[in-house]
Amino acid sequence: MGDYSTLGDVAGKRVLVRSDLNVPLDGTRITDDGRVRASVPTIRALAEAGARVVVVAHLGRPKGAPEDRYSLRPVAARLGELLGQEVAFATDTVGDSARAVVDGLGDGQVAVLENVRFNPGETSKDDAERGVFADQLAALADAFVSDGFGVVHRKQASVYDVAQRLPHAMGGLVATELEVMKRLTEAPERPYAVVLGGSKVSDKLGVIDNLLGKADRLLIGGGMVFTFLKAQGHEVGKSLLEDDQLDICRAYLARAEESGVDIVLPTDVVVDTAFPSGDRTPEPRVVPATEIPADCLGLDIGPDSGAAFAAALADAHTVFWNGPMGVFEVAAFAEGTRAVAQALTEVDGLSVVGGGDSAAAVRALGFEESAFGHISTGGGASLEYLEGKQLPGIKVLED
């Protein structure tokens with residue numbers, strides 16, 4: 001497996017790089033370029049080695065056909081700014097524009113192909129349909145480098161099938177992510193604390209199940225906490241609730257007690273009578289987690305809980321965090337997420353922000369990325385790795 005140096009001399013070769021450029025956009029304005037910046041080192045290294053770099057990536061969830069709002073054109077422009085060189089852009093994935101742009105590359109130059117999910121073969125469940133698209137992508141290159149950690153848990157054409165058709169290697173970003181994930185799962189330095197937030201318990205079932213046998217403490221916030229509170233017999237008003245997960249949450253609480261894992265739930269929450277939207281001015285108030293009014297919904301963990309979560313992380317030597325504690329995009333409901341982020345910056349050991357909304361939150365709240373041990377680019381991939389699942393985009397590189 002190894003990194004892309006195993007490909008040998010790449011000067012003059014066309015190297016297809018699967019990056020993760022799936023960034024949030026406000027129209028054509030990138031609101032968080034973290035993933036673009038993370039993709040630069042591997043692309044730059046290949047270009048400086050003389051490769052003709054062809055970047056493939058997706059943005060959003062188009063339905064197998066072009067949609068202007070999901071075009072990678074603004075992302076290609078930002079990549080060029082970060083690289084300090086012009087980046088060519090193909091207006092299709094494997095058609096006339098892609099072939100012409102790739103044929104026009106000189107040594108050390110970079111091109112970005114249009115969103116690979118504009119082609120239905122990228123995400124098809126049919127191996128043959130994916131294979132046809134992978135053949136077309138592979139025809140554009142002499143070698144393949146997998147550097148999009150945010151997609152390695154997907155069995156998709158540009159992640160999995162292309163690697164079967166070209167000499168392949170792991171990019172520096174993926175190699176770094178895997179090294180961190182192994183530190184979290186293979187004899188982590190203790191105490192080992194995991195903070196989980198986000199909206200739904202159902203999104204985190206596998207990771208909770210697996211970590212109950214590995215972590216020392218499990219701190220739960222975000223929208224998912226209300227299903228746990230309900231499972232304990234508390235009313236949660238209009239808060240997000242997954243009734244079909246109540247028995248599972250009760251079982252997790254019982255397992256944690258039996259195995260000596262400390263599950264920390266909030267003791268107070270910030271509530272409002274409506275979800276923040278439009279021009280409505282938020283009317284937040286703090287209530288005990290066990291006394292949420294019937295006409296309110298919880299939108300953040302409260303100040304006492306933020307302090308308790310920070311205290312529970314203070315002596316930890318390994319911390320993994322995935323999922324905000326509340327609706328951090330709105331200042332009135334961002335303090336719980338801020339408290340957790342601040343606590344991670346003070347960890348004496350390895351602190352990992354597990355991608356997705358958590359990574360977006362620390363940047364939106366003004367934290368320096370260097371304050372954390374590692375900010376992952378792949379929320380879903382990180383969770384599936386911690387669940388113990390095999391990641392197709394990694395397995396194919398090992399074959």
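Here is what the cut-offs are and how they apply
- Every chain is numbered independently, its residues counted from 1 as its sequence is written.
- Local features in a predicted model are, by the rule used here, given only for residues with pLDDT of at least 70; side-chain atom pairs are given and counted only at 80 or more, and totals for whole chains, interfaces and linings are based on all residues.
- Note: side-chain values were computed over all heavy atoms of the structure, leaving out hydrogens and water.
- Per the convention used, a helix needs a DSSP run of H or I reaching at least four residues, while a strand needs a run of E reaching at least two, with both numbered from the N terminus.
- In this setup the radius of gyration rests on C-alpha atoms only. A globule is expected at 2.2 Å times the number of residues raised to 0.38.
- For every residue, the accessible area obtained with a 1.4 Å probe (protein chains only) is divided by the maximum for its type, and the residue is called buried under 20%, exposed over 50%, and partly exposed between those limits.
- Residues are treated as being in contact if the distance between any of their heavy atoms lies within 4.5 Å.
- Here the open area of atoms and residues is found with the Shrake-Rupley method and a 1.4 Å probe, where only the protein chains shown may cover a residue.
- For the charge count, each Lys or Arg is scored as positive and each Asp or Glu as negative, with His and the chain ends excluded.
- Taken as the charge centre is NZ of Lys, CZ of Arg, CG of Asp or CD of Glu, depending on the residue.
- Cavity: a set of points on a 1 Å grid over the protein atoms alone where a 1.4 Å probe fits but cannot get out. Pocket: an open set with protein on both sides within 12 Å along at least five of seven lines, its lining residues, like those of a cavity, having an atom within 4 Å of a point.
- Grid points are joined across faces, edges and corners, and a volume is the space filled by probe spheres set on the points.
- Gly counts as polar in this scheme, as do all residues outside two lists: the nonpolar Ala, Val, Leu, Ile, Met, Phe, Trp, Tyr, Cys and Pro, and the charged Asp, Glu, Lys and Arg.
- The angle between two axes is taken between their N-to-C directions and runs from 0 to 180 degrees, where each axis is a line fitted to C-alpha atoms and a helix contributes only its stretch in contact.
- Each angle receives one of four descriptions, namely roughly parallel if under 35 degrees, roughly antiparallel if over 145, roughly perpendicular if within 65 to 115, and oblique otherwise.
- Each crossing gets its handedness from the near helix: less than a right angle anticlockwise from the far helix is left-handed, clockwise is right-handed.
- The term salt bridge refers to a side-chain nitrogen of Lys or Arg lying within 4 Å of a carboxyl oxygen of Asp or Glu.

K.L.:
Could you give me a rundown of the overall build of the chain, with the residues and numbers involved?
P.N.:
Check the secondary structure of the chain and you find 14 helices and 17 strands. Computed over the C-alpha atoms, the radius of gyration of the chain is 22 Å, within 12% of the 21 Å expected from 2.2 N^0.38 for a compact globule of 399 residues. Its C-alpha atoms give the chain principal-axis dimensions of about 65 × 50 × 40 Å. Residues classed as buried in the chain amount to 56% of the 399 residues present. A fraction of 72% describes how many contacts in the chain between residues 6 or more apart in sequence connect residues 24 or more apart. If you sum the accessible surface of the chain, you get close to 16,100 Å²; carbon and sulfur atoms cover 47% of it. Side-chain charges of the chain comprise 37 positive and 59 negative groups, with the mean position of each set lying 3 Å from the other.

K.L.:
Explain the layout of surface pockets residue by residue, including any values.
P.N.:
Counted as a void, the second largest pocket has a volume near 200 Å³. Every residue lining the second largest pocket is listed: T123, S124, K125, D127, R130, H153, R154, K155 and Q156. Here the lining of the second largest pocket is composed, by residue class, of no nonpolar, four polar and five charged.

K.L.:
A description of the packing of helix 10 (residues 303-313) against helix 11 (residues 335-345) should follow, citing residues and the corresponding values.
P.N.:
Between helix 10 and helix 11, the least distance of the axes is 9 Å, while the angle of their chain directions is 20°. In terms of axis orientation, helix 10 runs roughly parallel to helix 11. Between helix 10 and helix 11 lies a crossing whose hand is right-handed. In this structure, helix 10 contributes G306, F309, A310 and L313 to the contact, and helix 11 contributes A339, V340, A343 and L344. Here the contact of helix 10 with helix 11 is built from residues that sort into seven nonpolar, one polar and no charged.

K.L.:
Please provide a residue-by-residue account of the pattern of salt bridges, values included.
P.N.:
In the structure shown here, the tally under the stated rule is 24 salt bridges. Here R130 and D161 are joined by a salt bridge, their closest N and O atoms 2.7 Å apart. Within this pair, whereas R130 is found in helix 4 (residues 127-138), its partner D161 is found in helix 5 (residues 157-161), the two being separated by 31 residues in sequence. Several salt bridges share partner residues, and in doing so they unite D32, D33, R37, R78, E81, R363 and E369 into one network.

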